[in-house]
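# A look at the structure
Letter by letter, the chains look like this.
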Amino acid sequence: MTIRFDPALGALTQWLTTHTDLLPQGDLVIVRDLRGQIRLIAESSMESVSWHAAHEDEMTELLGSYKAGGQFLIRLGRDQGFDSFFNAPDAYHCDGLPENWRVLDRLITGREWLYPPNAPKNHPPRFVFYGLKGGVGRSTALSMAAWHLARQGKKVLVIDLDLESPGLGNMLLPVRQDLSEEGDTALPGWPDFGLTDWFVEDAVGQADAELVRAMIQPSPINVAGRGEIFVVPAAGGLYAQDYVSKLSRVYADLPNREGIPEVFGDRLARAITQLEEQVKPDVVLLDSRAGIHHISAVALTRLNAFSYLFASDSEQTWAGYKALFSHWAIKPETIRRVRESLRLVSALTPAAEDKKAFRDFFGEHAFDAFIPLYDRESNEEPSADLFSFGPFQEDAPHRPICIWHDRVYGSFAPLKHTLQLDADNAKQAFHELFSRIDSDLQQETAA
């Protein structure tokens with residue numbers, strides 16, 4: 001029988017639970033490499049073990065093509081340059097195995113879903129707007145949230161993290177095609193540089209204050225003269241640039257100034273911190289890339305932000321979110337760290353006559369996807385600290401914040417269509433979103 005990818009790792013961990021006596025009782029890592037092939041790595045300082053050739057054959061039978069070539073159990077020394085195996089931040093523990101045995105899944109992209117947070121707590125409140133699929137009104141909602149907060153007198157920094165499909169700059173900065181004139185070297189009303197420029201300049205040690213200042217542009221959007229919105233687009237306004245060449249270099253892990261390897265998520269956090277130090281905003285709104293993407297992994301799990309998850313009520317959406325949450329669940333500390341910051345948003349919600357019925361229907365469908373995030377209730381050991389909710393519970397993370405569809409916002413361009421910034425129109429469509437953001441800000445300020 002052919003052994004496939006999905007059951008291979010589970011078969012090995014199950015086998016190990018009944019054979020722990022064969023292996024070192026010190027640190028041991030179950031490594032699944034980029035091909036999905038598996039081997040065991042033990043510290044070389046551990047005492048000799050009872051592992052022998054017969055067990056190698058047993059692994060071949062158990063894992064098939066997913067047994068790594070050569071010796072299945074190898075011994076490496078921490079002091080011989082292999083410490084990264086034993087201290088990998090995304091390694092996780094499996095139930096039934098010794099505490100110091102962990103699984104390390106080598107991934108090509110998205111490996112930071114299970115990394116620990118990298119941002120210090122002393123930053124302004126951050127909000128990530130994320131959608132599993134595009135076209136759900138995420139950037140429109142973010143733009144309106146920025147406008148709402150600026151009308152309260154707040155200084156708002158918005159950053160476009162949707163690097164593969166930039167759009168936020170086109171909503172909050174002057175329209176590109178209307179303002180260029182002969183002799184211009186850059187789009188009027190746009191910063192010369194964007195977030196992609198930070199990564200390529202940082203790679204050669206040039207992501208300095210001068211560059212950061214040239215990445216930020218105040219939005220001319222009308223906020224009644226109170227607060228301000230500062231925009232960092234994905235792409236700057238220079239005409240002479242090769243955006244695709246820069247984008248293809250963004251996600252690289254590179255050594256920092258001290259020569260220490262720095263993963264993409266740590267570099268992104270450093271870029272955001274530099275922008276925050278320059279603007280000194282009251283609040284930061286981040287427009288994340290849609291889908292299960294490398295940049296989404298960092299935005300949702302590593303930046304200490306409130307995460308607003310946009311969704312439409314479809315089987316594809318719930319299956320995608322369930323897959324994502326189930327992946328988090330293999331490392332429970334990730335779940336515990338991020339789940340209280342999650343908010344579900346139903347964007348483009350039909351203006352249903354019975355809004356409660358819609359909310360119940362939507363929330364009931366979302367509930368199944370959110371189950372991996374919730375604690376299981378136990379009759380034997382009931383606890384008030386359980387993070388657990390019923391399908392129709394009002395304060396549950398899966399209970400939707402609704403943005404009610406209004407055709408005024410069908411083609412979002414607030415600098416052209418001033419009705420989109422009418423306070424009554426905005427309240428009718430976005431009042432639930434505004435209210436929840438205000439509540440989260442109060443909570444963050446009080447903490």
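What this report covers is the structure whose coordinates are included nearby. Source: prediction; values computed, not measured. (Residues numbered from 1 in each chain as written. Predicted model: local features only at pLDDT ≥ 70, side-chain atom pairs only at ≥ 80, totals over all residues. Heavy atoms only, no water.)

### Here we look at the packing of aromatic side chains
Counted only if it meets this: Any two of the Phe, Tyr and Trp rings considered here, Trp counted by its six-membered ring, make a pair once their centres fall within 6.5 Å; the pair's planes then place it as stacked at under 30 degrees, edge-to-face at over 60, or tilted in between. Counting from the N terminus, the helices are the DSSP runs of H or I reaching at least four residues and the strands are the DSSP runs of E reaching at least two. Throughout, exposure labels follow a simple rule: accessible area from a 1.4 Å probe, protein chains only, divided by the maximum for the residue type, with under 20% read as buried, over 50% as exposed, and the rest as partly exposed. Whether a charge lies above a ring is judged from NZ of Lys or CZ of Arg, which has to be within 6 Å of the ring centre and within 35 degrees of the ring normal.
In total, this model carries 22 aromatic pairs according to the counting rule given. Ring centres 5.8 Å apart and planes at 55 degrees place the aromatic pair F127 and Y308 in the tilted group. Placement of the pair is F127 in strand β5 (residues 126-131) and Y308 in strand β12 (residues 306-311), with a sequence separation of 181 residues. In this pair, the class of F127 matches that of Y308, namely buried. Ring geometry for F387 and F389: centres 5.0 Å apart, planes at 85 degrees, overall edge-to-face. Neither F387 nor F389 differs from the other in exposure class; each is buried. Site record: aromatic cluster; members linked through ring pairs are W113, Y130, Y321, F325, W328 and F370. For the cation-ring pair, K355 lies above W404, with the distance from its terminal atom to the ring centre recorded as 4.5 Å.

### With respect to helix α2 (residues 53-63)
Inclusion rule: Picture the helix axis, draw a direction to every C-beta atom, and the arc is the one those directions span. The criterion used for residue contact is that any of the two residues' heavy atoms lie within 4.5 Å.
Buried within α2 are the following residues: H55, E56, M59 and L63. Taken end-on, α2 shows its buried residues confined to a sector of 105 degrees, consistent with a single buried face. Across from the buried face of α2, at angles greater than 90 degrees, the exposed residues are A53, D57 and E61. Buried residues in α2 make contact with α1 (5-17), β2 (38-43) and β3 (73-76). Two residues or fewer after α2 comes G64, characterised by a positive phi angle close to 60 degrees.

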